[in-house]
Amino acid sequence: GETDVIVANHHACSDATSLDFIDSTDPQVCIVPIWDYYHIQPQQLKDMLYGGYDFKDNEVYTAGFVPASIHESYPELYSKLKPSGHIVLRVYDGGKYFRIFVLNDRSTDYEIIYSSDRFRSR
(Lines give C-alpha, C1' and ligand atoms only; values in the text may rest on other atoms or scores of the structure.)
Protein backbone atom coordinates (compact mmCIF):
# COMPACT_ATOMS: atom_id res chain seq x y z
CA GLY A 1 0.00 0.00 0.00
CA GLU A 2 0.83 3.68 -0.02
CA THR A 3 3.98 4.69 1.80
CA ASP A 4 6.14 7.80 2.05
CA VAL A 5 9.61 6.31 1.53
CA ILE A 6 10.83 3.05 0.03
CA VAL A 7 14.22 1.42 -0.23
CA ALA A 8 14.31 -0.04 -3.73
CA ASN A 9 14.30 -3.81 -4.00
CA HIS A 10 17.50 -5.45 -5.29
CA HIS A 11 19.34 -2.18 -6.06
CA ALA A 12 16.44 -1.08 -8.30
CA CYS A 13 17.10 -3.85 -10.81
CA SER A 14 14.35 -4.70 -13.27
CA ASP A 15 13.74 -8.11 -11.66
CA ALA A 16 12.63 -6.60 -8.35
CA THR A 17 11.65 -2.93 -8.62
CA SER A 18 8.85 -2.99 -11.14
CA LEU A 19 6.43 -0.30 -12.18
CA ASP A 20 3.64 -2.24 -10.41
CA PHE A 21 5.65 -2.13 -7.17
CA ILE A 22 6.27 1.61 -7.52
CA ASP A 23 2.63 2.36 -8.33
CA SER A 24 1.29 0.17 -5.52
CA THR A 25 3.56 1.72 -2.86
CA ASP A 26 3.22 5.25 -4.32
CA PRO A 27 6.32 6.65 -2.56
CA GLN A 28 7.33 10.29 -2.34
CA VAL A 29 10.97 9.28 -1.92
CA CYS A 30 12.94 6.30 -3.21
CA ILE A 31 16.31 5.32 -1.76
CA VAL A 32 18.57 3.04 -3.77
CA PRO A 33 21.64 1.28 -2.37
CA ILE A 34 24.08 0.93 -5.24
CA TRP A 35 27.39 -0.86 -5.63
CA ASP A 36 27.54 -1.87 -9.27
CA TYR A 37 28.18 -0.22 -12.63
CA TYR A 38 24.69 -1.19 -13.87
CA HIS A 39 22.66 0.14 -10.93
CA ILE A 40 20.16 2.05 -11.56
CA GLN A 41 18.74 1.00 -14.90
CA PRO A 42 17.08 3.82 -16.90
CA GLN A 43 13.56 2.33 -16.91
CA GLN A 44 13.53 1.70 -13.17
CA LEU A 45 14.78 5.23 -12.51
CA LYS A 46 12.07 6.65 -14.76
CA ASP A 47 9.44 4.57 -12.96
CA MET A 48 10.68 5.72 -9.54
CA LEU A 49 10.71 9.37 -10.60
CA TYR A 50 7.41 9.50 -12.45
CA GLY A 51 5.33 6.37 -11.74
CA GLY A 52 3.08 4.87 -14.35
CA TYR A 53 -0.54 5.78 -13.76
CA ASP A 54 -0.24 9.36 -12.54
CA PHE A 55 2.52 11.84 -13.16
CA LYS A 56 4.56 12.09 -10.00
CA ASP A 57 7.60 14.11 -9.12
CA ASN A 58 9.29 11.76 -6.68
CA GLU A 59 12.79 12.23 -5.35
CA VAL A 60 15.39 9.47 -5.79
CA TYR A 61 18.42 9.22 -3.53
CA THR A 62 21.36 6.87 -3.95
CA ALA A 63 23.99 5.50 -1.63
CA GLY A 64 27.17 4.51 -3.45
CA PHE A 65 26.24 5.76 -6.93
CA VAL A 66 28.85 4.75 -9.51
CA PRO A 67 28.97 7.12 -12.50
CA ALA A 68 28.92 4.90 -15.55
CA SER A 69 28.71 5.13 -19.31
CA ILE A 70 25.12 3.77 -19.31
CA HIS A 71 24.07 7.03 -17.65
CA GLU A 72 25.65 9.14 -20.36
CA SER A 73 22.88 8.04 -22.73
CA TYR A 74 20.18 9.48 -20.45
CA PRO A 75 21.57 12.73 -18.99
CA GLU A 76 18.13 14.33 -18.50
CA LEU A 77 16.98 11.34 -16.45
CA TYR A 78 20.09 10.82 -14.32
CA SER A 79 20.42 14.54 -13.64
CA LYS A 80 17.28 14.22 -11.48
CA LEU A 81 19.10 12.02 -8.95
CA LYS A 82 19.89 13.76 -5.70
CA PRO A 83 23.58 13.82 -4.66
CA SER A 84 24.89 10.42 -3.59
CA GLY A 85 26.21 9.70 -0.12
CA HIS A 86 25.03 8.42 3.26
CA ILE A 87 21.25 8.85 3.35
CA VAL A 88 19.63 10.00 6.59
CA LEU A 89 15.85 10.10 7.00
CA ARG A 90 14.76 12.39 9.84
CA VAL A 91 11.16 12.29 11.07
CA TYR A 92 9.58 15.24 12.90
CA ASP A 93 6.44 16.09 14.88
CA GLY A 94 5.45 12.53 15.75
CA GLY A 95 5.65 11.41 12.13
CA LYS A 96 3.83 14.31 10.46
CA TYR A 97 6.86 15.50 8.51
CA PHE A 98 10.20 14.20 7.34
CA ARG A 99 13.35 15.36 5.58
CA ILE A 100 16.19 13.61 3.81
CA PHE A 101 19.82 14.52 4.42
CA VAL A 102 22.76 13.33 2.33
CA LEU A 103 26.08 13.15 4.14
CA ASN A 104 29.48 13.12 2.46
CA ASP A 105 30.53 9.46 2.43
CA ARG A 106 34.04 10.33 1.26
CA SER A 107 34.97 12.06 4.51
CA THR A 108 34.99 10.96 8.15
CA ASP A 109 33.42 14.32 9.02
CA TYR A 110 30.17 13.30 7.26
CA GLU A 111 29.20 16.89 6.53
CA ILE A 112 25.76 17.51 5.04
CA ILE A 113 26.04 17.94 1.28
CA TYR A 114 22.30 18.08 0.57
CA SER A 115 19.10 18.51 2.54
CA SER A 116 15.60 18.16 1.14
CA ASP A 117 12.66 20.38 1.72
CA ARG A 118 10.21 19.18 4.33
CA PHE A 119 7.86 16.40 3.18
CA ARG A 120 4.41 16.02 4.68
CA SER A 121 3.71 12.42 5.63
CA ARG A 122 0.58 10.91 4.20
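Residues numbered from 1 in each chain as written. Predicted model: local features only at pLDDT ≥ 70, side-chain atom pairs only at ≥ 80, totals over all residues. Heavy atoms only, no water.

**Quick look at unusual backbone geometry**
The phi angle at Ala 12 is positive, at roughly 65 degrees, despite the residue not being glycine. Note on placement: Ala 12 falls in the loop between strand S1 (5-7) and helix H1 (19-25). Here Ala 12 falls in the buried class, since its relative accessible area comes to 0%. One non-glycine residue, Tyr 110, lies in the positive phi region at around 50 degrees. Within the secondary structure layout, Tyr 110 lies in the loop between strand S5 (97-103) and strand S6 (112-115). Of the residues examined, Tyr 110 reaches a relative accessible area of 40% and is grouped as partly exposed. (Helix = DSSP H or I, 4+ residues; strand = E, 2+ residues; numbered from the N terminus. Buried < 20%, exposed > 50% of the residue type's maximum accessible area, 1.4 Å probe, protein only.)

**A short note on the pattern of salt bridges**
Under the criterion given, the structure shown has three salt bridges. Here Arg 122 ties to Asp 26 by a salt bridge, and the two come within 3.1 Å at their closest N and O atoms. In this pair, Arg 122 is assigned in the segment after strand S7 (119-120) and Asp 26 in the loop between H1 and strand S2 (29-33), connecting sequence segments 96 residues apart. Judged by relative accessible area, which is 47%, Arg 122 ranks as partly exposed. Linked by salt bridges that have partners in common, Glu 2, Asp 4, Asp 26 and Arg 122 make up one network. (Salt bridge = Lys/Arg side-chain N within 4 Å of Asp/Glu carboxyl O.)

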